[in-house]
Amino acid sequence: MAAFSVMVNGFTSSRCRECVLFVCFFAGLALNVNAVERQKGAGTVAASGLSIAPVDTDIYISGMNLLSQWKQFQATQLYHDVLDNHLVQSIVTRIKGEWEAKEGQAGQVRSAIQDPNVMSLLEMGAEMFTEEVFLFADGRLSELVIRVNELADEVNNLVASDDTDGEDVKEFFMSLPKSEVDELQIPLIVQGFKVSDLDRVLDKIDQLEGLLRLGLGSIPDAAPFAEGLERIEDTRGTRLAWTIDSEMIPWELFADSEASDPDVMEKIQDLVDGRQFCFTIGLLDSYIVIALSESSEDVSELGGSESLLSHADMKPVKDLASKVVTGVSYVSDAYADANFQANFQDFFTKNSRAILLELEKNIEGDFLETLEEIPEDLAWLDEAIGDLVPEFRGQTAVSYLTENGTESVIYNRTEDVVFDSLKPLTILNHVGKDPIVFLSFRLQDHPEYFATSRKIFQRLKVYIEAFLESDYADEEQREKGAFAMKFGWPLLTELADIWEEKFLPAMRDGQHAFVLQAGNLENKQWWKDMPPSTKPLPLPELATVTGITSKDGMIDAYDSLFKWFDKVLAVMRKSDPDSVPAGYEIPRPVESKVEGGVQFTYPIPADCPVPESMAPHAFFTENFMVSSFSTKQTQSLIKMQKSNIANPLLNSESPKASAAYINLGRLSQLALPWIVYGFESQGTPLDSVVAPEEGSMPEVKAQDLVDLWKILKNLGEVASSTVAGEEGGTVTKAQFLMPIHSSAR
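Quick caveat: nothing in here was measured; it's all calculated off a predicted structure.

Visitor: Can you lay out the overall build of the protein chain for me, pointing to particular residues and giving the numbers?
Guide: Tallying secondary structure elements over the protein chain gives 27 helices and 24 strands in all. With the C-alpha coordinates of the protein chain rotated into their principal frame, the extents come out at 90 × 75 × 50 Å. Counting all 745 residues of the protein chain, 40% fall into the buried class. A separation threshold of at least 6 residues defines the contact pool for the protein chain, and within that pool the share at least 24 residues apart is 72%. About 38,900 Å² of surface is accessible on the protein chain, with carbon and sulfur atoms providing 58% of the total. Computed over 62 positive and 118 negative side-chain charges, the inter-centroid distance for the protein chain is 11 Å.

Visitor: I'd like a description of the packing of aromatic side chains, backed by residues and values.
Guide: This model, assessed by the stated rule, comprises 21 aromatic pairs. Each ring, one from Tyr-60 and one from Phe-136, has its centre 6.3 Å from the other, and the planes form 15°; the classification is stacked. With Tyr-60 in strand E1 (residues 59-64) and Phe-136 in strand E2 (residues 132-137), the pair connects residues that are 76 residues apart, well separated along the chain. Taken as a pair, Tyr-60 and Phe-136 share a single burial class, namely buried.

Visitor: Explain a nonpolar patch on the surface to me, using residue names and the numbers behind them.
Guide: Where nonpolar side chains cluster on the molecular surface, the patch consists of Ile-61, Leu-135, Ile-189, Phe-277 and Leu-292 and spans about 370 Å² of accessible area. The residue Ile-189 is located in strand E3 (residues 189-194) in this model.

Visitor: Can you break down the side chain of Thr-76 residue by residue, with the values?
Guide: Relative to the helices and strands, Thr-76 is located in the loop between helix H3 (66-74) and helix H4 (77-84). The class for Thr-76 is buried, based on a relative accessible area of 3%. Looking at Thr-76, its side chain comes within polar contact range of the main-chain nitrogen of Tyr-79, at 3.2 Å. Ignoring anything within four residues of it in the chain, the contact list for Thr-76 reads Met-738, Pro-739, Ile-740 and His-741.

Definitions and limits used
Residues numbered from 1 in each chain as written. Predicted model: local features only at pLDDT ≥ 70, side-chain atom pairs only at ≥ 80, totals over all residues. Heavy atoms only, no water. Helix = DSSP H or I, 4+ residues; strand = E, 2+ residues; numbered from the N terminus. Buried < 20%, exposed > 50% of the residue type's maximum accessible area, 1.4 Å probe, protein only. Contact = heavy atoms within 4.5 Å. Areas by Shrake-Rupley, 256 points an atom, 1.4 Å probe, with all protein chains shown as cover. Lys, Arg positive; Asp, Glu negative; His and termini not counted. Charge placed at Lys NZ, Arg CZ, Asp CG, Glu CD. Phe/Tyr/Trp six-rings, centres within 6.5 Å; stacked < 30°, edge-to-face > 60°. Patch = residues over 30% accessible without salt bridge, like charges linked within 9 Å, V, L, I, M, F, W, Y side chains within 5 Å. Salt bridge = Lys/Arg side-chain N within 4 Å of Asp/Glu carboxyl O. Polar contact = N/O pair within 3.5 Å; in protein donor to acceptor, adjacent residues only side chain to side chain.

Below, the structure written as structure tokens:
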């Protein structure tokens, strides 16, 4: 119960109590949002930041209809449960009292924000997160990623060379053409917030401009930078654009530094000559925009040409434009490919020289000659992996409000080479009637993946043997290595054979599921040293379900695996006779013929306090294998039946690659009896005070914490499924549903 004790002590700490106080304070303000702000209709996709972002945008992320989302949450049972909670009501009442009396911490906050300027800023900040927020970067981002990656590769190759010194690096830098640096264009990156009160924003722009000019003007060395501050006023709004160019840099300050190299400084000046970047803040149409770009014109020209909304990849967003859209995200094919090239493509080849150089620092003798083959082997590895990896493409995602939650759709344009979307996911009929959590999927059959893995290990064997035969290995290493290669390596080879020749064919169906349930296993004492509980404590039940093509083949595969473990024990005895007790062998499960198939079980020992139904086992039918430690759970999973979850995303009739579900409320309640037991085992009655009254915080009883946890039962549930998309991609749909309060129905 140490972890539980830490949790309770943490809650009662002064710092934590203050955090709770201010969270509740601002929550209290939010609860009264309807009293202080105007009702606003749902924003449309056509009038969103998508119409401003250029068609060649690389990344776009947005949140829309933020106030509508908040109102949706206000309609939930969870929201009302929080309001009705005794502890929350006590805290809010105290904070309101301090606020009205201008006392305590809430009173201090009220005094701090009574200044008109502060209040105006807070109101503007609240409005910025009322309707829409977006962030995007244009097509220059992918170009920058590719070019920076190319330069990084050149530098890495140079640095990794064993005969490279500081002069070589300097020579590379000095020979760098200015044209290559000029190709590194700063992408246009824009953060936008939709607002209605434009006059208030203009007032803040005036204040900001005054502060900047006053501050820069008071510093002599900053005078050139003040010249770059420009106020732009056009039909679309007023903005401050601060342009910094190479002529503003005080190069003489660097020249006077003892650490500077005159030649290098001259080269830097030459490379950045004529370059500039611009920081912009202000109004563009009905948005506050904060932008970084090459020039102020990049921002002014937004929306003047073809927009991202017109891109073919945005069709899913336009198809759902009639919904109350809550968010849109987009990654271009160009950026997805650039990111892949920068981080994954030819990964081992790019790092092979550095790896070899590091080895050469620590290894001498004839073994080093074998290591010289590492770059060639790593190049082969990159090529082999490259043949298995598809072309990386981007994705488009959109989410929207439903009657009792949200729904999202993700269109991933990268070809799916892992999951099989072409067949119905029949394993959904074997997740039980009432699962709390499950994840199910069907894998594609790719025996070449394992064949490639075997080739990698075969090549590793060559290096191991070369090491053992080299002068670099000492006598003890040779002796142990020879033993491992003579007895251990054949075992690894046999294990690979068992997997490739028996397990993979038996699992060619490709379906797998992980299922979490509860209700079948309850006990007052789960281990001997555990203090008994006054009430039964539930234990979550976790099972795996695997689709099989041959029951006998799968049983034979496991039989071969047990025999393999016996051989491992024999090798261990050869190496050290005392490592394994005499006569010990890997215990076999008890086989029993039961209705529907064959079960292999490890019975619970007689002196173990857990129920007998908690016995680790595997159950085999003609088409599925269930592994669990709850025999009752297994019986519910082997039956072909539809679950009680009425969600079309989880049907087993239509083709899909995967399906998942989690009931957040039920999952949270699994811990509730254990929380009560934690107080009980510590000798803390639920009516006892665990945190005394202090400042704005009322006293907190153990029952208060239990009641707070009970509220989580209405957290809601999430369901998702993935099906085949166009051109080999995938479409993932997800739903987040929360119980709605009766007053909102």
